[in-house]
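Structure at a glance
Here's the letter readout for the chains.
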Amino acid sequence: MAAVKKEFGRDQLSSDELMDGLEEIRATYPGGVRPERAKKARTIESIAAQKRRSHLGGDGNHRFEGERYLNIRDNKEARRFQLRKLIDEGGQDSVGGPVPSHPRLSKWHSAEFGIPEEEVHALEMQDAPPESLTYQGWYYLMHRTEPWPVLLGSALVGEGEKRLPEVREAQIRALDETRELYQELGIKNLDRAMKLAIEHSPIGADDDHVVFGENMTREYVNTPELQERLRHVFILRLHQNRV
């Protein structure tokens, strides 16, 4: 008799089955959560235009890390590491560390492409694009309504793709290619221009975050209901940049 394949929401999957099932979903979305990476800007003007769009409406990129921290009320280990992650994202310099917040690193990058902080501030005071407002509204609401294991598991969409050897290799290779491009473009302070990309790469702060997200998912997304809720979130996050 042929074995019946387990299904999300109906059966309890093992941790390996859960991770494999999520990767099967990811495989149906070429490019993962950031399909625009294939369309890399290669001039100062085009990179600056991308950055101006990214600053519209303000940088809400890591407000959700605080929401995750507040949501974890019954697990000291998970809450403690989430606090560490919040500090990594929001600025190690807030506790005497060497690295500023990721929004600050983004401004460093913009400055190297001719966008002064005054212009960034003016862009942040404008309305966010409708698609950004819609997605961010859903994303913040999700962090106030889903159980914390699902919230930590949702990091497998972006950060979690760095678990995959081919993604790690591609992102490390992209760092070298980006540095070479910036040198060709005459960017003066390469270290400042590259710092945010390094932090988000497998050799930056994200490396520890990837391990944390996977471990928490394997251990605590452990019922058919939680696994099905994570499946929904996983799909919606992959779909966000395709609408």
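For the rest of this paragraph, the subject is the nonpolar core. If you look at the biggest cluster of nonpolar residues, it comprises 21 residues, and the most contacted ones within it are Leu22, Phe234 and Leu238. For this core, the secondary structure elements donating two or more residues are α1 (15–26), α7 (130–145), α8 (148–153) and α12 (224–239). Core analysis: the next-biggest nonpolar cluster, separate from the first, contains 13 residues, Ala41, Phe113, Leu190 and Ala193 among them.

What follows is about the environment of Gly9. Relative to the assigned elements, Gly9 resides in the segment before α1. When the C-alpha positions of Gly9 and Pro224 are compared, they lie 4.6 Å apart, and in sequence the two are 215 residues distant.

Further remarks concern the confidence of the model for the chain. Across the chain, pLDDT averages 91, with 94% of residues at or above 70. The least confident element of the chain is α7, whose mean pLDDT is 88; the most confident is helix α6 (residues 117–124), at 97.

All right, on to the packing of helix α5 (residues 102–112) against helix α10 (residues 190–199) then. One can describe the packing of α5 onto α10 by two numbers: an axis separation of 7 Å at closest approach and a directional angle of 140°. When the axes of α5 and α10 are compared, the pair comes out oblique. Handedness of the α5/α10 crossing: left-handed. Contacts between α5 and α10 involve His102, Leu105, Ser106, Trp108, His109 and Glu112 on the former and, on the latter, Arg192, Ala193, Lys195, Leu196 and Glu199. Tallied by class, residues from the contact of α5 with α10 come to four nonpolar, three polar and four charged.

A few words on α10. Those residues of α10 that sit buried are Leu190, Ala193, Met194, Leu196 and Glu199. Put simply, Asn189 is the residue that caps the front of α10, since its side-chain oxygen is 3.3 Å from the backbone nitrogen of Asp191.

Here Glu159 is to be found in the loop between α8 and α9 (165–185). Taking relative accessible area as the criterion, Glu159 reaches 11% and is therefore assigned buried. A distance of 3.3 Å separates polar atoms of two side chains, one belonging to Glu159 and the other to His209. The residues touching Glu159, leaving out its near neighbours within four places in the chain, are Lys85, Glu89, Asp206, His209 and Val210.

Rules used in this analysis
Residues numbered from 1 in each chain as written. Predicted model: local features only at pLDDT ≥ 70, side-chain atom pairs only at ≥ 80, totals over all residues. Heavy atoms only, no water. Core = buried A, V, L, I, M, F, W, Y, C linked by side-chain atoms within 4.5 Å. Buried < 20%, exposed > 50% of the residue type's maximum accessible area, 1.4 Å probe, protein only. Helix = DSSP H or I, 4+ residues; strand = E, 2+ residues; numbered from the N terminus. pLDDT = per-residue confidence, 0-100. Axes fitted to C-alpha atoms, helices over the stretch in contact; angles between N-to-C directions. Parallel < 35°, antiparallel > 145°, perpendicular 65-115°, else oblique. Left-handed = near helix turned anticlockwise from the far one by under 90°. Contact = heavy atoms within 4.5 Å. Nonpolar A, V, L, I, M, F, W, Y, C, P; charged D, E, K, R; others polar. Polar contact = N/O pair within 3.5 Å; in protein donor to acceptor, adjacent residues only side chain to side chain.

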